[in-house]
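Coordinates in review
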Amino acid sequence: MQLDDAVRGRRSIRTYRPQPVPDDLIDSLIDLARHAPSSMNGQPWTFTVVRDAALKRRLADIKNQYCPAEKRAFRADFMIDAAALVVIAVDRAASHDRAVENGVLAAATFMLAAHAHGLGTVYMSAFRDDEPAVADAVRQLLGMPAHVLPISILPLGYPDEVPPAKAIRPLREVVFHERFGQR
Ligand SMILES: Cc1cc2nc3c(=O)[nH]c(=O)nc-3n(C[C@H](O)[C@H](O)[C@H](O)COP(=O)(O)O)c2cc1C
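Calculation notes
- Residues numbered from 1 in each chain as written.
- Predicted model: local features only at pLDDT ≥ 70, side-chain atom pairs only at ≥ 80, totals over all residues.
- Heavy atoms only, no water.
- Core = buried A, V, L, I, M, F, W, Y, C linked by side-chain atoms within 4.5 Å.
- Buried < 20%, exposed > 50% of the residue type's maximum accessible area, 1.4 Å probe, protein only.
- Helix = DSSP H or I, 4+ residues; strand = E, 2+ residues; numbered from the N terminus.
- Contact = heavy atoms within 4.5 Å.
- Phe/Tyr/Trp six-rings, centres within 6.5 Å; stacked < 30°, edge-to-face > 60°.
- Pairing = 2+ DSSP bridges.

**Brief notes about the nonpolar core**
By size, the foremost hydrophobic cluster in this structure holds 28 residues, and its most contacted members are Val21, Phe47, Ile88, Phe110, Leu119 and Leu156. For this core, the elements supplying multiple residues, two or more each, are α2 (23–33), β1 (45–50), β2 (84–91), α4 (99–116) and β5 (148–157). With 7 residues, the top contributor of residues to this core is α4. Not counting the four nearest positions on each side in its chain, Phe47 is found in contact with Ile30, Ala33, Arg34, Val86, Val87, Ile88 and Ala106. One finds Leu59, Ile62, Val138 and Leu141 within the second-largest nonpolar core, a separate group that totals 24 residues.

**Structural notes on the packing of aromatic side chains**
Using the criterion set out here, one finds 1 aromatic pair in the structure. With a centroid separation of 4.6 Å and 70° between ring planes, the pair formed by Phe176 and Phe180 is classed as edge-to-face. Judged by relative accessible area, which is 28%, Phe176 ranks as partly exposed. Residue classification places Phe180 among the exposed positions, given a relative accessible area of 78%.

**Quick look at the pairing of β5**
By the criterion of burial, β5 is predominantly enclosed, with 10 of the 10 residues buried. Bridge analysis of β2 against β5 gives 8 bridges, and the strand direction is antiparallel. Residue pairing in the sheet places Ala84 in a bridge with Leu156 of β5. As paired strands, strand β3 (residues 120–121) and β5 are joined by 2 bridges and run antiparallel to one another. Residue pairing in the sheet places Gly120 in a bridge with Gly157 of β5. The sheet contact formed by strand β4 (residues 124–125) and β5 spans 2 bridges and is antiparallel. Bridge pairing in β5 places Ser125 opposite Ser152.

Rendered as structure tokens:
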């Protein structure tokens, strides 16, 4: 798939076919994601592939438990139907004070790679600076050491939905020249 098509075609997928995703396919997506940029080229990330049903349930419970009140209608239970949950975490010591950016860029790269290979994902935060308990709970559940910071949880599976078309803000609205607000 051409990069333009992957960028335009990627959508959040929250319904998955009950079909396993081969380990070597997940490995190939991680192989691509580890080419993401990182501060000082620290490459601080790890990708924990969670397939165990009980662990998937616990991760969904963590997302539900710490969901902000205004987002409670958007439950995380669909996560348990994903073939795998890929938890991206970063080593703080190798992050050069840019832990979140490093993790998110790897996640974005992974999501595009997944779409390009016919798989669906959706970005879910494992880290929120207003609620450190989320990352603490994920870290504890997956046995990560204290210096490792979970950033993202990416459900992964073969899509069983076609999301409705999404309106994209007009280019003119988001592009300025030389000064903010200048068109
Ligand atoms: C930082 C961030 C957090 C998100 N958290 C959730 C989430 O908790 N649950 C969920 O279903 N989708 C979540 N999403 C997915 C967004 O809802 C989705 O990207 C957005 O609606 C645009 O749709 P698209 O991804 O299909 O283009 C999150 C996306 C981002 C970037």
